[in-house]
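Secondary and tertiary structure notes
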Amino acid sequence: MIAYLIRRVLQSVGVLLAVSLVVFLGIYAIGNPAAILLPDDATGAELDAAIASLGLDRPLPLQYFTFLGNAIRGDLGTSFVFNTPSIELIFARLPATLELAITAMLFAVLLGIPLGLWAGLKPGSAFDETVVTGSILGFSMPNFWQGMMLIMIFAVGLGILPANGRGETGTILGIETSFATADGIRHLILPALNLALFKLALMIRLTRTGVREVIGLDYVKFARAKGLSEQRVLMVHVLKNILVPIVTIMGMEFGSLIAFATITETIFAWPGMGKLLIDSINNLDRPVVVAYVMVVTLMFVVINLLVDVAYSALDPRVRLGGNAP
Amino acid sequence: MTSVDANRRQRAAALRSATAVLRALFALCLSAACLVGHAQQLVIGRGSEPQSIDPHFTRAGPNQMTAMHVFDRLILTDENVRPIPGLAVSWEAEDELTWLIRLRAGVRFHDGRPFTADDVVYSLERAPRVPRSPASFAQSLSTLADIEVIDDLTLRLRTTQPSPQFIENIGTIYILSRAASEGAQSSDFNDPSVAVGTGPFRFVSWQPGDRLTLVRNDDYWGEISDFETVVMRFITTDAARVASLRSGSVDIIDLVSPADLPRLRSMSDINVFQVGSLRLVYLALNQREEMIRFTTADGRPLGENPLRDARVRRALSLLIDRRGLTDYILQGAGEPATQIVPAGVFGHAQSIPETRVDRDRAHALLAEAGYPDGFGVTVHGSGNRFVLDSEITQAIGQLLARGGIRVNRVEVRPYAAYTPKAAAGEYPIFLFSYGNTSGESSRGLSGLFHSYDAQRDLGTLNRSRYSNPAFDEVIDAALQTFDDTERERLLWRAAEIAFHEDTALIPLYFESAVWAARTGLEVLPRRDIRTLAMSVRIAR
């Protein structure tokens, strides 16, 4: 187990290095941010001054190695646009994104698993057909369009929920969060729902397929024959056995909810990390983009590790770091 | 409804839809925003966001339109970008190198300290020295030699060289309180005790990506706002901004997209306000000798640059239907342009007529220049730099093709990738824009049309490398002339040479700045596209 973890950490460092180099070079190749940050009427002298003040006049390898040197000390560079350390900018936006991702994940899991379970138990019923058709809609409607429709229906049409923005925040255990106020929760519902719809459809599909697969197996028949309650058969014998793929997907999807809620955050003007990323790409704010990608890569590495650990807890056949293929 | 309270209108909407639970939750809400809601509050949905609260950090537009609420300048500008006295009540050139400035008496900073000449000295010294500034104010102060404080309300400034524009330039510097902000970094300005100005609003807080909150300065020396609090919400997506206005969560939005205009104009509870801005959208015609990315009419390499001939440039201009662009693509949110500044702005030459489509004349000119069958070219444009830039680029391609030019391709790239190549002269015909920030034409004329001269920092926006010694002579003289009448006469002449005689580039239109607000509010649209709470008042 220990050897396995050490190997994983070393792999992660390699991944981070490669990612930083690719992103660094990629953004450098697009163009010079100074030209974007200056107003239209800026003269050549002003452009030169801006390039010098942002340190963009130094050769690229020097810029990259300076970045690496600082990164080892935990400094991922200072934003060209906001003149604030990138890592501070990202972490300042993290709570907003986290609460959105957690709410969306709760919607997806708490609705998706029971719906999928029920649909899987009664295949071909009207309920099953409705849920399956609904999940097709969830999969196939583009995210941004779903978002606009939610706004048009609930904010513009019915006027019962705010159109966008993060509402009042309060403090719970020292963390600034929307969960603390009614206004904050009202603002959270629509974007979280928008973000959840795709994941919800995915959860339904996964659970339903899993249930269909195991429900006819001998051990389930045997459990029923033993006279176990239906509830125990479902919760222990069926659900526990189909959870491995669901947990894998949940882990990956939660990561992508945090890292790539960009579209939802843009449509709902949600001050999270995704919106920061897209704004930074448009401004060629290289320090922020690089730092963001590094943080996200690290997050995925950690999530994957946790998922692997969770496997071994759910399925005793899985051995971490053993000789099994 | 006379209240400016978005929350209350939302509540009225909730009544209709029988959501008793949510209403109960809302009624329980005792947070600060709900209490403020009962006073006069203005919520602005902005499409752009400041980079810092430090007004000296960058002179980019979104930053300035934020700073203007909290900080004053020596000289302010009205909605037509004409200078009006700000913290300076009068200024005069004692000779070509010396300016005497008298300051406004009785002005106090938000923390109660009096405003004095020392704060001006401090601000003029600080502005060019902000570390890591991406768009510094240094250029505006480059000719400042020294400052002499005569008394608390009088200053004498000397310049290194005669510069008629000096006072307008230093007039753009935001005046900070030395006592509140000396030694502060840009990021320290997020603290309201540092971000202390003399402006019409006091700074309260900024949550980046979300909102910025201001409260009224009741001791302001100028006109007092109708609104006790102002909240700016940053909503960068056009459709989301419009949805916010329609749902009542904001009172006014800026940067309304032409696609939403017909709809918003037809709505009874929303009013649209628009004005021609000072942003000129133009088609640049690359006149560098080495630019030979042209083909003949049947697609073979041409081997020379036809755009070096003024007759060819004039012919292309005659093919562009400017009214078509503004009426159909921009839905009326643009005004056809003839030159660098629109009518009513200092330096606008009445003598330049509007160019109307005349294909016969264009063909005659092309034939005269040796291209009776036209030639082939690729048209380039940016995406997402200004309103509908990629659509306009496509339309230009179609208009040229209709006029008999072989349009090989139309290429649109994101601005970040586009502008370096445009500056390097890699595009033959390309769409660009120029946003005038000073209320007169000299800066634009010298930047866009003066022969390229990096040393003297002239013609640095002249990406086409247009060059005419006669033009250079006139604009050089204008930049040295103190007498306004004489200077404007020279600027007229310069515009005539560049636009009428040489067709150095093809002016297309001035983008309109468009705001939409709920009924009950009046917006004074500004030509500099600044969205200011000071421009909004309650209709009476």
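The structure displayed is predicted, hence computed values, not measured ones.

Quick notes on the rules
Every chain's residues receive numbers from 1 upward, in the order its sequence appears when written. The naming scheme follows written order: chains are lettered A onward, ligands numbered 1 onward. Per-residue local features are limited, in this predicted model, to residues with pLDDT of at least 70; the limit for side-chain atom pairs, both in listing and counting, is 80 or more; totals at the level of whole chains, interfaces and linings are taken over all residues. Only hydrogens and water are removed before side-chain values are computed, so all heavy atoms of the structure are retained for them. Here, two residues are considered to be in contact whenever any of their heavy atoms come within 4.5 Å of each other. For any pair of parts, buried area is found by adding up, for both, the accessible area (1.4 Å probe) each one loses once the two are put together. The working definition used for a salt bridge is a side-chain nitrogen of Lys or Arg within 4 Å of a carboxyl oxygen of Asp or Glu. Secondary structure follows DSSP: runs of H or I at least 4 residues long count as helices, runs of E at least 2 residues long count as strands, and numbering of each begins at the N terminus. Multiplying 1.5 Å by the residue count of a helix minus one yields the expected span of that helix. Accessible area is worked out with a 1.4 Å probe on protein chains only. A residue is then buried under 20% of its type maximum, exposed over 50%, and partly exposed in between. The arc in question is the one spanned by the directions pointing from the helix axis to the C-beta atoms. In protein, a polar contact means a hydrogen-donor-capable atom and an acceptor-capable atom, both N or O and within 3.5 Å, with residues adjacent in sequence counting only if both atoms are side-chain atoms; elsewhere, any N or O pair within 3.5 Å suffices. Reported domain spans reflect what an automatic or database domain assignment gives. For this scheme, ten residues count as nonpolar: Ala, Val, Leu, Ile, Met, Phe, Trp, Tyr, Cys and Pro. Four count as charged, namely Asp, Glu, Lys and Arg, and the remainder, Gly too, count as polar. Here the rule is simple: two strands pair whenever DSSP picks up at least two bridges between them. With axes taken as lines fitted to C-alpha atoms, and helix axes fitted only over the stretch in contact, angles between N-to-C directions fall between 0 and 180 degrees. Pairing of aromatic rings covers Phe, Tyr and the six-membered ring of Trp, with a centre-to-centre limit of 6.5 Å; geometry is then stacked below 30 degrees between planes, edge-to-face above 60, and tilted otherwise.

Each side of the interface is counted separately: chain A has 50 residues, and chain B has 56 residues. Overall, the association of chain A and chain B removes approximately 4400 Å² of surface from exposure, summing both partners, and the carbon and sulfur fraction of that is 53%. Looking at the side of chain A facing chain B, the largest losses of area belong to Asp-40, Asp-41 and Asn-83 of chain A, adding up to 16% of the total buried there. Inspection of the region where chain A meets chain B yields six salt bridges. Arg-59 of chain B is the salt-bridge partner of Asp-41 of chain A, the closest N and O atoms lying 3.2 Å from each other.

So, on to the environment of Ser-512 of chain B. Topologically, Ser-512 of chain B is positioned in strand β17 (residues 505-518). What Ser-512 of chain B contacts, discounting residues up to four positions off in sequence, is Gln-274, Val-275, Gly-276, Ser-277, Gly-332, Ala-333 and Gly-334 of chain B.

Turning our attention to helix α16 (residues 469-480) of chain B. Residues and elements named next belong to chain B. The first and last C-alpha atoms of α16 sit 17 Å apart over 12 residues, in line with the 16 Å expected at 1.5 Å per residue. Turning to α16, its buried residues number three or more, namely Phe-471, Asp-472, Val-474, Ile-475 and Ala-478. Projected onto a plane normal to the axis of α16, the buried residues spread over an arc of 170° and lie on a single side. Turned more than 90 degrees off the buried face of α16, the exposed positions are Pro-469 and Glu-473. In this structure, the buried side of α16 is in contact with α15 (442-449) and α17 (484-501). The N-capping residue of α16, defined by a side-chain oxygen 3.0 Å from the backbone nitrogen of Ala-470, is Asn-468.

The next subject is unusual backbone geometry. All names here are of chain B. With phi around 65°, Asn-384 is a residue other than glycine that occupies positive phi space. A positive phi angle, near 60°, is found at Ile-529, a position not held by glycine. Relative to the assigned elements, Ile-529 resides in the loop between β18 (521-523) and β19 (536-538).

Here we come to the pattern of salt bridges. Taken as a whole and assessed by the stated rule, the structure comprises 39 salt bridges over all chains. Lys-199 of chain A is paired through a salt bridge with Glu-253 of chain A; the nearest N and O atoms lie 2.4 Å apart. Placement of the pair is Lys-199 of chain A in helix α8 (residues 182-214) and Glu-253 of chain A in helix α10 (residues 230-259), with a sequence separation of 54 residues. The exposure classification of Lys-199 of chain A matches that of Glu-253 of chain A, with both residues buried. A salt bridge links Asp-298 of chain B to Arg-300 of chain B; the nearest nitrogen and oxygen atoms lie 3.3 Å apart. A single network of salt bridges, built from pairs that share partners, joins Glu-94, Asp-146, Glu-148, Arg-156 and Arg-158 of chain B.

One widely used convention gives an interface's size as the accessible area the parts lose upon coming together. All names here are of chain B. For chain B, the assigned domains are domain 1 (41-49 + 184-275 + 513-538), domain 2 (72-178) and domain 3 (277-512). Between domain 1 and domain 2, the residue contacts involve 18 residues of the former and 22 residues of the latter. Looking at the side of domain 1 facing domain 2, the largest losses of area belong to Val-196, Thr-198 and Trp-221, adding up to 40% of the total buried there. Here domain 1 and domain 2 share zero salt bridges between them. The tally of links between domain 1 and domain 2 comes to 10 residue pairs in polar contact (both at pLDDT 80 or more). Grouping the constituent residues of the side of domain 1 that touches domain 2 by class yields nine nonpolar, five polar and four charged.

A few words on the pairing of strand β16 (residues 429-435) of chain B. Residue and element names in this part refer to chain B. For β16, a buried count of seven out of seven residues is recorded, marking the element as mostly surrounded by other parts of the structure. Covered by surrounding structure in β16 are Ile-429, Leu-431, Ser-433 and Gly-435 together with Phe-430, Phe-432 and Tyr-434, the residues of both alternating faces. Summarising the sheet, strand β14 (residues 376-383) and β16 pair through two bridges and their orientation is parallel. Of the residues in β16, the one forming a bridge with His-380 is Phe-430.

Moving on, we get to the sheet that holds strand β6 (residues 144-151) of chain B. Strand pairing in a sheet is mediated by backbone hydrogen bonds. Such pairs are either parallel or antiparallel. All names here are of chain B. Taken together, the four strands give an open sheet; going across it, the order is β4-β5-β7-β6, and neighbouring strands pair in antiparallel fashion. Each of the sheet's edge strands pairs with one partner strand only, and the pair in question is β4 (88-95) and β6. Taken over all neighbouring pairs, the strand axes of this sheet differ in orientation by 20° on average, direction set aside. Of the strand pairs in this sheet, β6 and strand β7 (residues 154-159) are connected by six bridges, and their pairing is antiparallel. Across the sheet, residue Leu-144 finds its bridge partner in β7, namely Thr-159.

Our focus in this paragraph is the packing of aromatic side chains. Residue and element names in this part refer to chain B. Inspection of the entire model under this criterion finds 23 aromatic pairs over all chains. On the numbers, 6.2 Å between centres and 40° between planes, the contact of Trp-99 with Phe-166 is tilted. With Trp-99 in strand β5 (residues 98-103) and Phe-166 in helix α6 (residues 166-171), this pair connects stretches of sequence that are 67 residues apart. Each member of the pair, Trp-99 together with Phe-166, is buried. On the basis of an interplanar angle of 40° and a centroid distance of 5.1 Å, the ring pair of Tyr-220 and Trp-221 is categorised as tilted. A relative accessible area of 12% places Tyr-220 in the buried class.

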